[in-house]
Amino acid sequence: MFRQVLFTQWKWARTELFAYTLGAFLIPTAILKITVNGLDDYSVGAMLTAVAAAGAFFVFLAFVCAIGLAVRPYLADQALKHVYSLSLPVPWATFLRYRFLAGAVLLVAPTIAVFMGAGLATMTAAVPPTLHAYPFGLAVRFYLSALEIYAATFLLQYVAGKNAVRVVLALIGVLVVLELGSRFFGTTDAWVWMWDHLTTLPGPLETLTARWMMIDV
Amino acid sequence: MTVPTGSVYGFLGPNGSGKTTTLRLLLGMLPADDGAITVLGHDVPLGVHKALAKTGYVPERLHLYPTLTVEEIMRYHAAFYPDWDDARAEQLRRGFSLRAEQPIERLSKGESGKLMMLLALAHNPELLVLDEPTDGLDPVVRRDVLSALLEYVAARGATVLISSHLIHEQERICDHVGVMDGGRLVAEMPMTTFRGGIKRLRVNKAPVDRGDFPFTLLSRGATAGREEEWVVRGWQPAMREYFQTGDSELREVIDLDLEESFVELLRSARTPAGIAAEEN
């Protein structure tokens, strides 16, 4: 069953998946070409700053991959009003588990490309001896971030379903309340408190907001 | 609503009467507000996936992923059904002249209908739930699809619940019939009763309804003079005697064909008197 679900999801997303994978492979080389170019061994600080800033490309790619892979199967099911999926003799939760796992497996392709691309880029670039390459760490961060975004999108579509808009509105409502609280009641740290809790371990967004370093000390 | 095991149950009703909704309720695709549903001994929705494993379903519209090919959807479908019969599926595919590599989005309406019937039959279901399976198909394709269905039913003795508004087609293949209107099941009976039990009577000096009619009066209306035309359900020849007891006279008993019976049944169900009669 899972193999067939995986096959269909691969077939629906194969063109985009190829583009994501190619992008994931080429981005590390492009980043290093731009950031390392013209810097010498004494410009370590500038190089690290540039590599850290370029990490935003990986975050962007993780978003694009994750949302693309989550949306494709949902649109396919939604176009048929879920009639076919619901008529299959498996519990709905099992079907959703297969759907989710298939997308998680497909995310491995761009992750491997990030690993290989970063490995190749750091091997061929003139990296100062005081710095080290972390292609595996970068790839793991990429996969975890993409998986997190994928899971959130997947849940919003399949579990919240028709209530997805309400869920999003509720989240916006919480943010507005926090903002109003900070403005009118002096709870000035509300945003900061929330952001800190989300972006520092064990916060769920830590993996996204931490430094995406292909090379580091 | 009760579909007897081994029967071919025709589910009749005008467009929008709730046939598709009922079928989707039976298959657990929609949550029921009230009541209980049991399919092949399994409670719906709790055990619906067990029932679905033994059920072949053909919805009214193509419900398959359009970018997959015929072969791919057969493989996909097979993976979910433990009793899938590859040889049977291949035989049906060849019989229906479906090309394995043809994408579903490029299938004609007739080919789509055949593919859905193939998928419904190839896992040897005990129950077939067919929602307008031949609607919009040309006569040749319709015959192919129905032949495959009837062959399967004859060989396996499967139960069939077939929804359609093509009454004459239902008349040929069904042995039980249920009629739905406005979200209510207004009648349910063996086809023989439905075919022979609804009559139009011409009655002279028609008696007053004292609630003692031996049949169900679906409608009555004056024609000429003191003559009335009645449509009754559950008619038996022996009931002629009822009109001989009083002043009235039964002039003629007219057979209705299935379509006329269906229309009269619906017409009566839509009047308060008809609703009361059905409830009694």
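Residues numbered from 1 in each chain as written. Chains lettered and ligands numbered in written order. Predicted model: local features only at pLDDT ≥ 70, side-chain atom pairs only at ≥ 80, totals over all residues. Heavy atoms only, no water.

**Q** An account of the interface of chain B and chain A is needed here, citing residue identities and associated values.
**A** Counting from both sides, the interface comprises 22 residues of chain B and, opposite them, 21 residues of chain A. Roughly 2100 Å² of surface becomes buried between chain B and chain A when both sides are summed, with 70% attributable to carbon and sulfur atoms. When the buried area of chain B at its contact with chain A is split by residue, B:Tyr65, B:Tyr76 and B:Phe80 rank highest and sum to 35% of it. Linking chain B to chain A there are one salt bridge. Of the charged contacts, one joins B:Glu72 and A:Lys11 as a salt bridge, the two residues approaching to 2.6 Å between their closest N and O atoms. At the boundary of chain B and chain A, one finds eight residue pairs in polar contact (both at pLDDT 80 or more). Residue assignment for the side of chain B that touches chain A shows that the elements contributing at least two residues are helix 2 (48-52) and helix 3 (70-80) of chain B. If you tally residues by element for the side of chain B that touches chain A, the top one is helix 3 of chain B, at seven residues. Classifying every residue of the side of chain B that touches chain A by side-chain character gives 14 nonpolar, five polar and three charged. (Contact = heavy atoms within 4.5 Å. Buried area = accessible area lost by both parts, 1.4 Å probe. Salt bridge = Lys/Arg side-chain N within 4 Å of Asp/Glu carboxyl O. Polar contact = N/O pair within 3.5 Å; in protein donor to acceptor, adjacent residues only side chain to side chain. Helix = DSSP H or I, 4+ residues; strand = E, 2+ residues; numbered from the N terminus. Nonpolar A, V, L, I, M, F, W, Y, C, P; charged D, E, K, R; others polar.)

**Q** Just give me the short version of the domain arrangement of chain B, but keep the residues and values in it.
**A** Residues and elements named next belong to chain B. Entries for chain B in the domain assignment read domain 1 (8-190) and domain 2 (197-279). The straight-line distance from the C-alpha centre of domain 1 to that of domain 2 is 37 Å. Residue-level contacts link 13 residues of domain 1 with 11 residues of domain 2. Contact between domain 1 and domain 2 buries roughly 1100 Å² in total, counting both sides, with carbon and sulfur atoms accounting for 70%. Remark: the boundary between domain 1 and domain 2 carries zero salt bridges. At the boundary of domain 1 and domain 2, one finds zero residue pairs in polar contact (both at pLDDT 80 or more). Every element with two or more residues in the side of domain 1 that touches domain 2 is listed here: helix 7 (167-173), strand 7 (176-181) and strand 8 (184-190). Considering every element that reaches the side of domain 1 that touches domain 2, the biggest residue donor is strand 8, with four residues. Looking at the side of domain 1 that touches domain 2, its residues break down into eight nonpolar, two polar and three charged. (Domains from an automatic or database assignment.)

**Q** Outline the pairing of strand 9 (residues 198-204) of chain B, supporting the account with residue identities and numerical values.
**A** All names here are of chain B. Within strand 9, six of the seven residues are buried, which leaves it mostly tucked inside the rest of the structure. Where strand 9 and strand 11 (residues 227-233) come together, seven bridges link them in antiparallel fashion. Looking across to strand 11, one finds that Asn 204 is bridged to Glu 227. Pairing analysis gives six bridges linking strand 9 to strand 12 (residues 249-255), with the strands arranged antiparallel. Bridge pairing links Arg 200 to Ile 254 in strand 12. (Buried < 20%, exposed > 50% of the residue type's maximum accessible area, 1.4 Å probe, protein only. Pairing = 2+ DSSP bridges.)

**Q** Which residues make up the sheet that holds strand 12 of chain B, and what are the values?
**A** Residues and elements named next belong to chain B. Judged by pairing direction, the sheet is antiparallel, and its four strands sit side by side in the order 10-11-9-12 without closing on themselves. Two strands bound the open sheet, and with one partner strand each, they are strand 10 (216-222) and strand 12. For this sheet the average axis-to-axis angle between neighbouring strands, irrespective of direction, equals 25°. Note: strand 10 against strand 11, six bridges, orientation antiparallel. Residue pairing for strand 11: Ala 222 is matched across the bridge by Glu 228. The sheet strands contacting helix 10 (residues 258-269) are strand 9, strand 10, strand 11 and strand 12, and the helix crosses strand 9 at an angle near 70°. (Axes fitted to C-alpha atoms, helices over the stretch in contact; angles between N-to-C directions.)

**Q** How would you summarise the side chain of B:Ser17 if you had to cite specific residues and measurements?
**A** For B:Ser17, the position within the fold is in the loop between strand 1 (8-12) and helix 1 (19-26). Residue classification places B:Ser17 among the buried positions, given a relative accessible area of 2%.

**Q** Summarise the packing of aromatic side chains; cite the residues concerned and give the values.
**A** Overall, the coordinates contain 23 aromatic pairs over all chains when judged by the stated rule. Both rings, one in A:Phe100 and one in A:Phe154, keep their centres 5.3 Å apart while their planes meet at 75°; by these two values the pair is edge-to-face. Within this pair, whereas A:Phe100 is found in helix 4 (residues 92-106), its partner A:Phe154 is found in helix 6 (residues 135-159), the two being separated by 54 residues in sequence. The interplanar angle of 15° and the centroid separation of 5.4 Å between the aromatic rings of B:Phe213 and B:Phe215 together place this pair among those described as stacked. Overall, B:Phe215 belongs to the buried group, its relative accessible area being 6%. (Phe/Tyr/Trp six-rings, centres within 6.5 Å; stacked < 30°, edge-to-face > 60°.)

**Q** Can you explain the sheet that holds strand 5 (residues 127-131) of chain B? Please cite residues and give values.
**A** Residue and element names in this part refer to chain B. Strand order in the open sheet formed by six strands is 4-5-6-1-7-8, and the pairing between neighbours is mixed. Bordering the open sheet on either side are strand 4 (55-58) and strand 8, each of which pairs with just one other strand. The average undirected angle you get between the axes of adjacent strands in this sheet is 15°. Strand direction decides the pairing type here: strand 1 and strand 7, joined by four bridges, are parallel. Bridging across to strand 7, Gly 10 finds its partner in Val 177. Contacting strand 4 and strand 5, helix 5 (residues 109-121) runs over the sheet at an angle of about 170° to strand 4.

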